[in-house]
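Each chain is listed here by its residues.
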Amino acid sequence: GRLSQSHLTVVITGESGSGKELVARALHKHSPRADGPFVAINTAAIPKDLLESELFGHERGAFTGAQTTRRGRFEQADGGTLFLDEIGNLSMPLQSKLLTVLQRREVTRIGTNKAIPVDFRLICATNRQLSGEVQAGRFREDLFYRINVVALRVPALRERQGDIILLAAHFLDFFNTKFGKSCGPFTAAAVHLLETSPWPGNVRQLKHCIERAVALH
């Protein structure tokens, strides 16, 4: 709650499926930038040869296939929040370009030397230990200290057992509505099973479990 009112850069850490993007969206939703865009990009889901264009944009004709000028995610997030998921996957050259953008608060599209001012709040997420990545030489130390202003850890679902049934009930209502069903409530045996399962896939796994149960009921 306190962080949402600031413009500080935040690094959200936690296991895959634990809800890091939801935390980022909550930070944006309750911030002074709430009326601006929330732009999310998963750096691990985009091929490395396309990621630079996705982030920084390009001018028409900058490379083969660049038929039109394209605004990158930094420009799209102007006035709002940019969420970089799995930032630990960025290559060293892109890490260097990101550091430059953060220092100068301006972005240069591929195919031009014109710098474009951008105003955004950066929120990052990773399931890696970035300090370890720095020691291993896979992540720039100067970028690490630039983005690691505030670190927020999202606990694994098994560490917050009291949330499991609350989340399961929420997903049950959601998928009952989605599929036009009226499953539930959970039996005592189901509650015990839900609360004692390790949930290695965290909230994402729980969501899919409830979705499957409702769909097949």
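In this report, the structure presented in the accompanying data block is examined. Values in this document were obtained by computation on a predicted structure and should not be read as measured data. (Residues numbered from 1 in each chain as written. Predicted model: local features only at pLDDT ≥ 70, side-chain atom pairs only at ≥ 80, totals over all residues. Heavy atoms only, no water.)

### With respect to the pattern of salt bridges
Any two side chains of opposite charge can pair, on the condition that their charged atoms come close. A full pass over the atoms with the stated rule returns 13 salt bridges. A salt bridge links Glu 21 to Arg 25; the shortest N-O distance between them is 2.9 Å. Placement of the pair is Glu 21 and Arg 25 together in helix H1 (residues 20-29), with a separation of four residues, close to one helical turn. Take Glu 21: its relative accessible area is 30%, and that puts it in the partly exposed class. Given a relative accessible area of 40%, Arg 25 falls into the partly exposed group. Glu 159 is paired through a salt bridge with Arg 153; the nearest N and O atoms lie 2.7 Å apart. The exposure class assigned to Glu 159 is partly exposed, which follows from its relative accessible area of 45%. If you follow the salt bridges from partner to partner, you end up with Glu 54, Arg 70 and Arg 73 in one network. (Salt bridge = Lys/Arg side-chain N within 4 Å of Asp/Glu carboxyl O. Helix = DSSP H or I, 4+ residues; strand = E, 2+ residues; numbered from the N terminus. Buried < 20%, exposed > 50% of the residue type's maximum accessible area, 1.4 Å probe, protein only.)

### Describing the sheet that holds strand S9 (residues 150-153)
Two pairing modes exist for strands in a sheet, parallel and antiparallel, and in both the strands are linked by backbone hydrogen bonds. Ordered by their spatial adjacency, five strands build an open sheet running S2-S5-S8-S1-S9, and the pairing between neighbours is parallel. Each edge of the sheet is formed by a strand with only one pairing partner; in this case those strands are strand S2 (38-42) and S9. Adjacent strand axes in the sheet meet at a mean angle of 20° when their direction is disregarded. Direction of pairing for strand S1 (residues 10-13) relative to strand S8 (residues 120-126): parallel, over a ladder of four bridges. Counterpart to Val 11 in the pairing with S8 is Cys 124. (Pairing = 2+ DSSP bridges. Axes fitted to C-alpha atoms, helices over the stretch in contact; angles between N-to-C directions.)

### Examining the layout of surface pockets
If you add up the space inside the largest pocket, you get close to 550 Å³. If you go around the largest pocket, you meet 23 residues; those closest to its centre are Gly 17, Ser 18, Gly 19, Leu 22 and Val 203. Residue assignment for the lining of the largest pocket shows that the elements contributing at least two residues are H1, strand S5 (80-85), helix H7 (161-179) and helix H9 (202-216). Counting residues per element, the lining of the largest pocket draws most heavily on H1, which supplies five residues. Looking at the lining of the largest pocket, its residues break down into nine nonpolar, six polar and eight charged. Within this model, the second largest pocket holds a volume of roughly 260 Å³. Together, 18 residues line the second largest pocket, and Thr 13, Gly 14, Thr 126, Arg 128 and Gln 129 are the ones closest to its centre. Of all elements in the fold, only S1, helix H5 (130-135) and S9 reach the threshold of two or more residues within the lining of the second largest pocket. (1 Å grid on protein atoms, 1.4 Å probe; cavity = no way out; pocket = protein on both sides within 12 Å on 5 of 7 lines; lining within 4 Å. Points joined across faces, edges and corners; volume = space filled by probe spheres on them. Nonpolar A, V, L, I, M, F, W, Y, C, P; charged D, E, K, R; others polar.)

### So, the side chain of Glu 54
Mapped onto the fold, Glu 54 is located in helix H2 (residues 48-56). Take Glu 54: its relative accessible area is 18%, and that puts it in the buried class. At 2.8 Å, the side chain of Glu 54 and the side chain of Arg 73 are in polar contact. In contact with Glu 54, not counting residues within four places along its chain, are Ile 41, Ile 46, Arg 70, Gly 72 and Arg 73. (Polar contact = N/O pair within 3.5 Å; in protein donor to acceptor, adjacent residues only side chain to side chain. Contact = heavy atoms within 4.5 Å.)

### Concerning unusual backbone geometry
Along the chain, Gly 184 connects to Pro 185 via a cis peptide bond; the corresponding omega equals 0°. One non-glycine residue, Glu 86, adopts positive backbone phi at about 55°. Within the secondary structure layout, Glu 86 lies in the loop between S5 and helix H4 (92-104). The exposure class of Glu 86 is buried, given its relative accessible area of 11%. A positive phi is found at Trp 199, a non-glycine position, where the angle reads about 50°. Relative to the assigned elements, Trp 199 resides in the loop between helix H8 (188-196) and H9.

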